[in-house]
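Coordinate analysis (summary)
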Amino acid sequence: MTHEQFKRDILPMHESMYRIAYTATRSQEDAADIVQDTFVKLWQNRHRLKSVDNLQAYCHTALRHQCITHIRTKRASDPIDNIEIQHLEAKAQYPDRIEHRDTIHLLQRIISLLPDRQREIISLSTFSGFSNEEIAQATGLSDANVRAILSRTRRRIKELFSKNL
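Residues numbered from 1 in each chain as written. Predicted model: local features only at pLDDT ≥ 70, side-chain atom pairs only at ≥ 80, totals over all residues. Heavy atoms only, no water.

**Brief notes about helix α9 (residues 143–164)**
- For α9, with 22 residues, the first-to-last C-alpha span of 32 Å sits near the 32 Å given by 1.5 Å per residue.
- If you check which residues of α9 are buried, you get V146, I149, L150, T153, I157, L160 and F161. When α9 is viewed along its axis, its buried side chains cluster within an angular range of 100° and face the same direction. In α9, the exposed positions angled more than 90 degrees off the buried face are occupied by R155, K158, S162 and K163. (Helix = DSSP H or I, 4+ residues; strand = E, 2+ residues; numbered from the N terminus. Expected span 1.5 Å × (residues − 1). Buried < 20%, exposed > 50% of the residue type's maximum accessible area, 1.4 Å probe, protein only. Arc of directions from axis to C-beta.)

**As for the packing of aromatic side chains**
- Applying the stated criterion to the full structure yields two aromatic pairs.
- With a centroid separation of 5.1 Å and an interplanar angle of 80°, the aromatic rings of F6 and W43 are classed as edge-to-face. Of the two residues, F6 sits in helix α1 (residues 3–9) while W43 sits in helix α3 (residues 28–44), which places them 37 residues apart along the sequence.
- Each ring, one from Y18 and one from Y22, has its centre 6.3 Å from the other, and the planes form 20°; the classification is stacked. Placement of the pair is Y18 and Y22 together in helix α2 (residues 14–25), with a separation of four residues, close to one helical turn.
- Given a relative accessible area of 24%, Y18 falls into the partly exposed group. (Phe/Tyr/Trp six-rings, centres within 6.5 Å; stacked < 30°, edge-to-face > 60°.)

Listed below in structure tokens is the structure:
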């Protein structure tokens, strides 16, 4: 793919790609960075684009993978263990804050034991406030698949939580 073909065929997708990235991250800066990183990777692999039948689907898939990588990297640098515990504790209605803090730590340990896909989806749903549709769009899964994974994950969390109480 030549520079002119790239400008003609790929760069016009910027707006739709930005919307997808923003939906996944809820951050203008992160979305812009993800789109830029995706364009760089597409450019670096432009020789592969000649054989692609549906260029838009290919670019959107590459973007989704970049969003997932970004979310995982961000999670690794800001792990679930660091989820505003003080904020949660301040809002606690429990008279015994130590009990509440222990409960939060137990939940964090349980979530850290989940498989990557479940941990990613429960984090996007619970901690980032994404809808099932937004999670599906960000991860490339179907809406029904997201619902099923969330259901299994919540059931597993309840099961592990009750065993530890």
